[in-house]
Amino acid sequence: MLKQLLDTIASISDHSDKKPHVSGLNYRDVFESMEQGFAFCRMIYDKGGKPIDFCYLYVNLSFARLTGLSVEYVTGRSVKEVIPNIEPFWIETYGRVVSSGKREQFENSVRALGKQYKINVWPTGEGCFAVLFDDITNFKKKEADAQSKTNELAKEVRAQEDTTKAMLNVMEDFNLAKKSAETLAGDLEKFKLAVDNTSEMVVITNSEGIVLYGNKAVETITGYTPQEAMGKKSGALWKSPMPVEYYRYMWDTIKVQKKMFVSEILNKRKNGDLYTAIISISPILNKRGVIEFFVANERDVTREKAIDKAKSEFVSLASHQLRTPLGIIKWYLEALEGDEYVIRAPDNIHSYIQEIQKSNERVLSLVRDLLSVSRIEQGKVKNNPTPSDLIQIIRETVEQLQIVAQNKKVRVQWKSPETAIPPVNIDALLFHEIIENLIGNAIEYSMPGGTVDLTVGRNEDMLYVCVTDTGIGISPSDQKSLFTKFFRSEKAVVHNPEGSGLGLYVVKSYVEGWGGTISVQSTEGKGSTFTISIPLEQKKKGGDTV
Amino acid sequence: MKKILVVEDELAYLKLLKTQLTEKGFEVTEAVNGKEGLEKAKTEHPDLILLDIRMPVMDGMTMLDLLRKEEATKKMKVIMLTNLEPDNKILKGVVSDEPSFYFVKSDIQFTDLLNKINELLAE
């Protein structure tokens, strides 16, 4: 119906002289009674044909109501007159409708009026157009409200979704965490089982040494259950009286220096038996380097020690027992050699006796070495330090070995040091044994025509002795094992099958017992240099062990 | 003829020392432990004692101690003969005991022992 009306208006305008003629049916009344605003306008162009304004030819009552502008004032005036700051949009849009001949529908606002309108505009020919409009300001407001509410709602929904998502994530994380916690717990459980059941005693204490944990071996070793030990000072139950200095040193190492402490310790079992253990205590530090707790483990070596001792004692006993018959053979061979009947015997008899003597001496020398080793291992080396003239001892030893050297056609040479060596508080017999061993080896492993050079000197507060030979030399790999008990390099075995492999072990033990060192430099086929250095100031006052 | 008392629990050594020393012209008297040795020292008045260290009943070091405590045997010449390495106790005893000497049997020649015996008895 509206369309009909509009068509009528259009036809009116067609037939009007630019003024709507409304006759017959009072169409004006229709327009006037409409709820919608209605305006009939003519476009105004500039010289270039560009729309720049439009003129209200007719507006209805609703126009006035919806715009707040009176019909009288508006009619016949241009929009720029009525609303001076009208947005260019309106003129442009209506201009386009007029020029294109196509109707348009849109929504837009007139800021000057503070209103928003829904517009229906169509061209009516001859540069005129009709506009039908509704005020949608309130609706838009409501819509905006609704939108914002919707937005809020949507936001809430999103928030809800986010929460849910977050929850899910958390759940997922939680599951993962749970899984990894389970794995970790499983790992920890494994570790705990391992620690619980290991044969070494493991004790964890707090930084004050109070026991927080003890494994099963605590009971096996000490006889006390881990529960008995818990909450007490570590070792309080099984500690045996060690010197105060020992504990002071231990605490200094682990608590002050924060280093691992390793030591052999004598402890007491619940039943009162003493046991020997190798103990190691490590401080566990946090990221700031503060001690969190201590981990101590103890290995009961009582049995090993006993076996070791028994072995050494056996060797010692056996050696002594061997010495008696060997000594008797030695003296009888000597008697035999001096016997008048034997003196007259043919040469081969003499050589037989010499061969027996040689073999006997070889066994005796092995027994001597074994005794030295067993004494070293039992800590029974007799160290009787007396102020000794070491140069004199070296001189005597060299003289004593000259015969051996001459037999091998090896020249042993040395000269006294330029700086005087003061008497050293050292066991002369042991020092002699060291020098005898070193020079003896140098001669033994030299070729005929070779030389053995002895250098003695003082380097600050150390005495050093270098023995250099032009012998078979020692390979780098053999040098590593050279000072271990019974070690003999293949070459040495070929060269001298009779060696016991104990000499250098004995030498090293003595030298180190005095706080000294021994080292070797060697080139295979060229020779070796053994260097010992011994502190001139001997702190030890003597005693049973070196 | 000089008289030597050999105190030795090892019969093979005892026999060896007796035959060899006898052959070299000494009168040899024997004891198999420190206790017996101490008695023989008192009754037989040897010119020299060859004394083993490790022996049952009474060891050589104890016998030496007791020997030095009695006026009659205080000045007796003693050579310690052993297969033990010298330990502190032995060395202390020997060092404080001027006329005594110490030999590890298997380390020396019998001739060395004989020389020492002759040297001591010639004093």
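Located above this text is the structure these notes cover.
Treat the numbers as computed from the prediction; the structure is a model and nothing was measured.

Cut-offs and rules
Residue indices begin from 1 for each chain and proceed along its sequence in written order. Written order decides the labels, with chains lettered from A and ligands numbered from 1. Reporting in this predicted model follows two pLDDT cut-offs: at least 70 for local features of residues, and 80 or more for side-chain atom pairs to be given and counted; totals over whole chains, interfaces and linings ignore these cut-offs and use all residues. No hydrogens and no water enter the side-chain calculation; it runs on all heavy atoms of the structure. A run of H or I in DSSP becomes a helix once it reaches four residues, and a run of E becomes a strand once it reaches two; helices and strands are each numbered from the N terminus. Only protein chains enter the accessibility calculation, which uses a 1.4 Å probe; a residue whose area is less than 20% of its type maximum is buried, one above 50% is exposed, and one in between is partly exposed. Computed with a 1.4 Å probe, the accessible areas rest on the Shrake-Rupley method; for each residue, only the protein chains presented here act as cover. Should any heavy atoms of two residues lie within 4.5 Å, those residues are considered in contact. Here the quantity called buried area is the total loss of accessible area, with a 1.4 Å probe, experienced by two parts when brought into contact, counted for both. Salt bridges are defined as contacts in which a side-chain nitrogen from Lys or Arg sits within 4 Å of a carboxyl oxygen from Asp or Glu. Two N or O atoms form a polar contact when they lie within 3.5 Å of each other; inside protein one atom must be a possible hydrogen donor and the other a possible acceptor, and for residues adjacent in sequence the pair counts only when both atoms belong to side chains. Gly is placed with the polar residues, together with every amino acid not listed as nonpolar (Ala, Val, Leu, Ile, Met, Phe, Trp, Tyr, Cys and Pro) or charged (Asp, Glu, Lys and Arg). Here a strand pair is declared whenever DSSP counts at least two bridges between the two strands. Note on geometry: axes are lines fitted to C-alpha atoms, helical ones only across the stretch in contact, with angles between N-to-C directions running from 0 to 180 degrees. We define the nonpolar core as a collection of buried residues of types Ala, Val, Leu, Ile, Met, Phe, Trp, Tyr and Cys that are connected through side-chain atoms lying within 4.5 Å of one another. Multiplying 1.5 Å by the helix residue count minus one yields the expected span of that helix. Our arc is simply the arc of the directions from the helix axis toward the C-beta atoms. What makes a crossing left-handed is the near helix being turned counterclockwise from the far one by less than a right angle; a clockwise turn instead makes it right-handed. A pair of cysteine sulfur atoms is labelled a disulfide when the two atoms are within 2.5 Å. Pairing of aromatic side chains here covers Phe, Tyr and the six-membered ring of Trp, requires ring centres within 6.5 Å, and sorts the geometry by plane angle: under 30 degrees stacked, over 60 edge-to-face, intermediate tilted.

**Quick notes on the overall build of chain A**
Secondary structure assignment for chain A yields 18 helices and 17 strands. Taken across its 546 residues, chain A has 40% of its residues classed as buried. Summed over its atoms, the accessible surface of chain A is roughly 31,200 Å², and 56% of this surface lies on carbon and sulfur atoms.

**Digging into the interface of chain B and chain A**
With 26 residues of chain B at the interface, the matching set in chain A holds 19 residues. Between chain B and chain A, the buried area comes to about 2,000 Å², and carbon and sulfur atoms account for 54% of it. Linking chain B to chain A there are 0 salt bridges. Scanning the region where chain B abuts chain A turns up 3 residue pairs in polar contact (both at pLDDT 80 or more). Among the secondary structure elements, those contributing two or more residues to the side of chain B that touches chain A are helix H1 (11-23), helix H4 (88-95) and helix H5 (110-122) of chain B. Within the side of chain B that touches chain A, the residues separate by chemical class into 12 nonpolar, 7 polar and 7 charged.

**Details of the sheet that holds strand S8 (residues 261-268) of chain A**
Residue and element names in this part refer to chain A. In spatial order, the strands read S7-S6-S10-S9-S8; together these 5 strands make up an open sheet with antiparallel pairing. At either margin of the open sheet sits one strand with a lone partner, and together these are strand S7 (211-214) and S8. Averaged over all adjacent pairs, the angle separating strand axes in this sheet is 25 degrees, with direction ignored. With 3 bridges joining them, strand S6 (residues 201-206) and S7 adopt antiparallel strand pairing. Its bridge partner being in S7, valine 203 is matched across the sheet by glycine 214. Across the face of the sheet, helix H10 (residues 244-256) comes into contact with S8, strand S9 (274-285) and strand S10 (291-300) while running at roughly 140 degrees to S8. This element, helix H11 (residues 302-338), spans S8, S9 and S10 of the sheet and lies at about 135 degrees to S9.

**Re the nonpolar core**
Residues and elements named next belong to chain A. Phe431, Leu438, Val465 and Ile532 are the most contacted members of the largest nonpolar core, which has 46 residues in total. Examining the composition of this core, we find that 8 residues originate from one element, helix H15 (residues 428-444), more than from any other. Not counting residues within four places of it along the chain, the set of residues in contact with isoleucine 532 comprises Ile434, Ile435, Leu438, Leu463, Tyr464, Val465, Val511, Thr517 and Ile518. Residues Cys41, Trp90, Val97 and Phe129 belong to the second largest nonpolar core, which totals 29 residues.

**Some remarks on H5(B)**
Residue and element names in this part refer to chain B. In this model, H5 (13 residues) spans 18 Å end to end at C-alpha, consistent with the 18 Å of a helix rising 1.5 Å per residue. Phe110, Leu113, Leu114, Lys116, Ile117, Leu120 and Leu121 are the residues of H5 that are buried. Axial view of H5: buried residues confined to an arc of 160 degrees, hence all on one face.

**Some details on the packing of helix H13 (residues 347-377) of chain A against helix H18 (residues 503-513) of chain A**
When two helices pack together, their arrangement is given by the angle between the helix axes and the distance between those axes. Residues and elements named next belong to chain A. The contact between H13 and H18 brings their axes to 10 Å, and the two run at 35 degrees. Here the hand of the crossing between H13 and H18 comes out left-handed. Each of Ser372, Val373, Ile376 and Glu377 in H13 lies in contact with H18, whose residues at this interface are Tyr505, Val506, Ser509 and Tyr510. Across the contact of H13 with H18, the residue classes tally to 5 nonpolar, 2 polar and 1 charged.

**Considering the sheet that holds strand S4 (residues 115-125) of chain A**
Residues and elements named next belong to chain A. Overall, antiparallel pairing links the 5 strands, which are arranged S2-S1-S5-S4-S3 in an open sheet. Strand pairing shows two members of the sheet lacking a second neighbour, strand S2 (51-59) and strand S3 (104-110), which therefore form its edges. Pairwise comparison of adjacent strand axes, ignoring direction, gives a mean angle of 35 degrees for this sheet. In this structure, strand S1 (residues 37-45) lies alongside S2, joined through 7 bridges in antiparallel fashion.

**A word on the pairing of S6(A)**
Residue and element names in this part refer to chain A. Examined bridge by bridge, S6 and S10 share 6 bridges and lie antiparallel to one another. In the sheet register, valine 202 faces S10, and the bridge partner there is asparagine 297. Here S6 folds back onto S7 in antiparallel fashion, the turn holding 4 residues, of which glycine 209 has a positive phi close to 90 degrees.

**Section: the pairing of S9(A)**
Residue and element names in this part refer to chain A. Inspection of the sheet shows S8 paired to S9 by 8 bridges, in the antiparallel sense. Considered in S9, the bridge of phenylalanine 261 is made with isoleucine 281. Hairpin remark: S8 followed by S9, antiparallel, with 5 residues in the connecting loop; positive phi at glycine 272, about 95 degrees. Sheet analysis places S9 next to S10, joined by 9 bridges and oriented antiparallel.

**Side note on the state of the cysteines**
Under the criterion given, the structure shown has 0 disulfides over all chains. Left unpaired, A:Cys41 is separated from the closest cysteine sulfur, that of A:Cys55, by 7.7 Å.

**A few points about the environment of A:Ala420**
Residues and elements named next belong to chain A. For alanine 420, the location among the structural elements is in the loop between strand S12 (411-414) and strand S13 (424-426). The class of alanine 420 is exposed, set by a relative accessible area of 64%. The sequence separation of alanine 420 and isoleucine 391 amounts to 29 residues, and the corresponding C-alpha distance is 9.2 Å.

**Some words on the pattern of salt bridges**
Residues and elements named next belong to chain A. Using the criterion set out here, one finds 17 salt bridges over all chains in the structure. The salt bridge involving glutamate 228 is made with lysine 270; its shortest N-O contact spans 3.1 Å. With glutamate 228 in helix H9 (residues 226-229) and lysine 270 in the loop between S8 and S9, this pair connects stretches of sequence that are 42 residues apart. You can call glutamate 228 partly exposed: its relative accessible area is 27%.

**Examining the packing of aromatic side chains**
Two aromatic rings, taken as a pair, are described by how far apart their centres are and by the angle between their planes. Residue and element names in this part refer to chain A. With the rule as written, the count across this model stands at 20 aromatic pairs over all chains. Aromatic side chains tyrosine 94 and phenylalanine 129 sit 4.7 Å apart centroid to centroid with 35 degrees between the ring planes, which places their arrangement in the tilted category. Residue tyrosine 94 is found in helix H6 (residues 88-100), and its partner phenylalanine 129 is found in strand S5 (residues 128-135); the two are separated by 35 residues along the sequence. Under the relative-accessibility criterion, phenylalanine 129 is labelled buried at 0%. Between tyrosine 246 and tyrosine 247 the ring centres are 5.4 Å apart and the planes differ by 90 degrees, which places this aromatic pair in the edge-to-face class. The buried category is assigned to tyrosine 246, whose relative accessible area is 14%.

**With respect to unusual backbone geometry**
Positioned with a positive phi, A:Glu460 is a non-glycine residue whose angle comes to about 55 degrees. As for its position among the elements, A:Glu460 is in the loop between strand S14 (451-459) and strand S15 (462-469). By relative accessible area, which is 68% here, A:Glu460 ends up exposed. In this structure, B:Val57 is a non-glycine residue whose phi angle is positive, near 65 degrees. Within the element layout of this structure, B:Val57 appears in the loop between strand S3 (48-52) and helix H3 (60-69).

**Examining H10(A)**
Residues and elements named next belong to chain A. Helix length check: H10 (13 residues) gives 17 Å between terminal C-alpha atoms against 18 Å at 1.5 Å per residue, within 8%. Three or more residues of H10 are buried, namely Tyr246, Tyr247, Met250, Thr253 and Ile254. Angular distribution of buried residues about the axis of H10 spans 130 degrees; they occupy a single face of the element. Exposed side chains of H10 directed beyond 90 degrees from the buried face belong to Val244, Glu245, Arg248, Tyr249 and Val256. Elements that come into contact with the buried residues of H10 comprise S8, S9 and S10. Positive phi appears at lysine 258, one or two residues downstream of H10, with a value of about 55 degrees.

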